[in-house]
Structures are given as structure tokens and as C-alpha cells.
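Secondary and tertiary structure notes
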Amino acid sequence: MIDDRLTAALRAARRVVVLTGAGMSAESGVPTFRGAGGLWKTYRAEDLATPQAFRRDPALVWAWYRSRQRAVAAAAPHAGHAALVRLAGRVPLTLVTQNVDGLHQRAGSRDVIELHGSLWRLTCSAGCPHVAEARPEAVPDDDAPLPRCVCGALQRPGVVWFGEQLPEEPVAAAWAAAADCDVLLSVGTSSIVYPAAALPSAAREAGAVIAEINPEPTPLTAHAEFVLRAPAAEALMRLEVVL
Ligand code: BV8
């Protein structure tokens, strides 16, 4: 299952970047965006994950994010998250995630680079610097009053919506790591949302080899030297065995 050349590349790596997507959370029971039963199957991204959607109907957008907060609060990190924590003790690993659910951190991963923000962060829709943290044990009901910032404006989910710039610091850290890595491991992402989907190209340009863990092919597959056609937990635990 694990190509010896991948094992050798990981063992010799000065730095390994792991990029995760919603598929990394799937085995925790958190629905992906585009897969069967995915979130975008029920809703259209542009109807919910955009500033326009929030301006148009903040109550609908908050209801969607509150339902996702409840789903994540009820979920637990799986064996793949735990394997990744242990792998970080064996190889110099930088973890970059597109996920906003915080499951990597709950599993014990540290210094997680969150490209798309966090489901648990509340920021000000009017742009003031006040940031608050949502409490997983106390997610408000869908019809509860919408949260307000200390400045009086509505608070919004602290995630990156379509059409919004990604936060500068995480992007700079992720691209610096990709430019300096020997292996980039893409786990559980459809590799279609940019600029995150461009991170593997930055690693390849710097001479890294690409490995993809995904039960399905993606646009990255053709550019990956190694493809582990398996769910994240199984593949990451197999990697842990050989490293
Ligand atoms: C930007 C946070 C530019 C919110 C997300 C038209 C208008 C506007 C923008 C665009 C446009 N056309 C293109 C764009 C750019 C756009 C984009 O890329 N769109 C795509 C759809 C084409 N990008 C943006 O808008 C970005 N910003 O470009 O700004 C700009 C420039 C100047 C000035 C201003 C702005 C912002 C993108 C971030 C959007 N936010 N999420 C929230 O969570 O609600 S995106 C959302 O999709 C997730 O965050 C996730 O990160 C991302 C990608 O999804 P995946 O993680 O890959 O999940 P997916 O369901 O797609 O795939 C799951 C995979 O897992 C599958 O492959 C499946 O096979 C696999 N899997 C399933 N089970 C398992 C598994 N793998 C392993 N194990 C398993 N068990």
C-alpha cells in the first residue's frame, strides 16, 4: 500500500507539509462540501458562504453555521487525526488545513495553519478588530438572536467566504513551508478551491514530491508522484506503521 519510495522520501525529508480538506473530517462524521450528502448538495455555496449571502440573510447564514457548529461539537477527531499528531513527532511536519472545524487541534495537533479561518471564531461584520470565540457546549438555537459585536454591528462566522481574501499570515506561513518542503501530502481535499489548491504546485516548483490521500481522483492526482486511494484514517495509520 505504501510505496517504498514514498517511505524513503518521508524518512529523508527535512520538512513535510500536510494539506488537509473536508475529507479529513469525513470519518469524524462531519459532512464534506462536495461529496455525496455533502453540505453543498443541500445548500449552494454562493447562497451561504459569501458576504453577499450574509448581507442578504444573516439569519439564514447563521442558522447554517450554527448547525455546523453543533455537528462539529458532537463529533470527535478520528484515528487519522491521532496518527497525524504522532507522525508530527517523527517527521518535521507543518500542518495546513482548509478546514474550519478545529478537529486537528482537538486531536492534539499544534501550530495548525488555518487557511479558511475557524467555525469557532466570531468576527465583526463591520470590520472592527473585536474577535470572540464561540463555545461548543453552548451553540445558540437557530432562532436565537444573532450575535452582536461590542461595537453594535452583527458578528459573523470567522471563516473565509468565497470572494474574500485569505488571511495574510496563514497564507504566508503555508507558502513559506511549501517552498521549503521535500514532501507535500494532500489529504481529503477535492483540490478545486483556490488559492489553497495552488499550494501543492508551490511545493512542486520547489522540488517537493506530492502524495495524495483520497478515495477519489482529483485535479491534483495527475501531478502526484504517489496516490493513496484510501480514506484518510487508513492511509495515515499505514504511513505511521512504515515511518
Ligand atoms: C478568493 C470556509 C479572491 C467557509 C471555504 C467566482 C467568484 C468568486 C471567487 C471565485 C470564483 N471562481 C473562482 C473563485 C475563487 C474561489 C474558488 O476557488 N472557487 C472554487 C469553487 C472554484 N476562491 C475564493 O473565493 C477564495 N477567495 O479567491 O479571493 C480575491 C481576490 C481579490 C480580492 C478579493 C478576493 C476563498 C475560498 C475559501 C472559501 N471558503 N470554506 C466555510 O467552511 O463555510 S471553501 C470550502 O471548500 C472549504 O473550506 C474547503 O476548504 C474548500 C475545499 O473543499 P474541500 O476541503 O476540498 O472539501 P470537498 O468537499 O470539496 O472535498 C472533499 C474531498 O475529500 C473529496 O475529494 C473526497 O473525495 C474526499 N474524501 C471524502 N471522504 C474522505 C475523503 N478523503 C479522505 N478520507 C475520507 N474518508
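Check the entry above for the structure.
The text that follows walks through the structure, step by step, so that each part is easy to find. (Residues numbered from 1 in each chain as written. Predicted model: local features only at pLDDT ≥ 70, side-chain atom pairs only at ≥ 80, totals over all residues. Heavy atoms only, no water.)

1. Let's talk about the nonpolar core
Ranked by size, the top nonpolar core spans 26 residues in total, and within it L6, L185, V187, I213, L228, L236 and L239 carry the most contacts. At the level of elements, α1 (4-12), β1 (16-20), α7 (79-87), β7 (183-187), β8 (209-213), β9 (226-228) and α11 (232-242) are the ones that each hand at least two residues to this core. In terms of nonpolar packing, the next biggest core, distinct from the first, is built from 21 residues, A49, A53, F54 and V61 among them. (Core = buried A, V, L, I, M, F, W, Y, C linked by side-chain atoms within 4.5 Å. Buried < 20%, exposed > 50% of the residue type's maximum accessible area, 1.4 Å probe, protein only. Helix = DSSP H or I, 4+ residues; strand = E, 2+ residues; numbered from the N terminus.)

2. Quick word on the environment of P147
For P147, the location among the structural elements is in the loop between β5 (132-133) and β6 (155-159). Take P147: its relative accessible area is 15%, and that puts it in the buried class. The spacing of P147 and M1 is 146 residues in sequence and 49 Å in space, taken between C-alpha atoms. Residues within four places of P147 in sequence aside, it is in contact with W62, R66, L122, A153, L154 and Q155. (Contact = heavy atoms within 4.5 Å.)

3. Quick look at the sheet that holds strand β2 (residues 93-97)
Ordered by their spatial adjacency, six strands build an open sheet running β3-β2-β1-β7-β8-β9, and the pairing between neighbours is parallel. On the outer flanks of this sheet lie β3 (113-114) and β9, each paired with one strand and no other. Bridge analysis of β2 against β3 gives two bridges, and the strand direction is parallel. Paired with T97 across the bridge in β3 is E114. (Pairing = 2+ DSSP bridges.)

4. Topic: the pattern of salt bridges
Tallied over the entire structure, the rule returns 13 salt bridges. A salt bridge links E240 to R86; its shortest N-O distance comes to 2.3 Å. In this pair, E240 sits in helix α11 while R86 sits in helix α7, placing the two residues 154 residues apart along the sequence. Here E240 falls in the buried class, since its relative accessible area comes to 12%. Residue classification places R86 among the partly exposed residues on the basis of a relative accessible area of 40%. Ionic pairing is found between R156 and E164, a salt bridge with its closest N-O pair at 2.6 Å. (Salt bridge = Lys/Arg side-chain N within 4 Å of Asp/Glu carboxyl O.)

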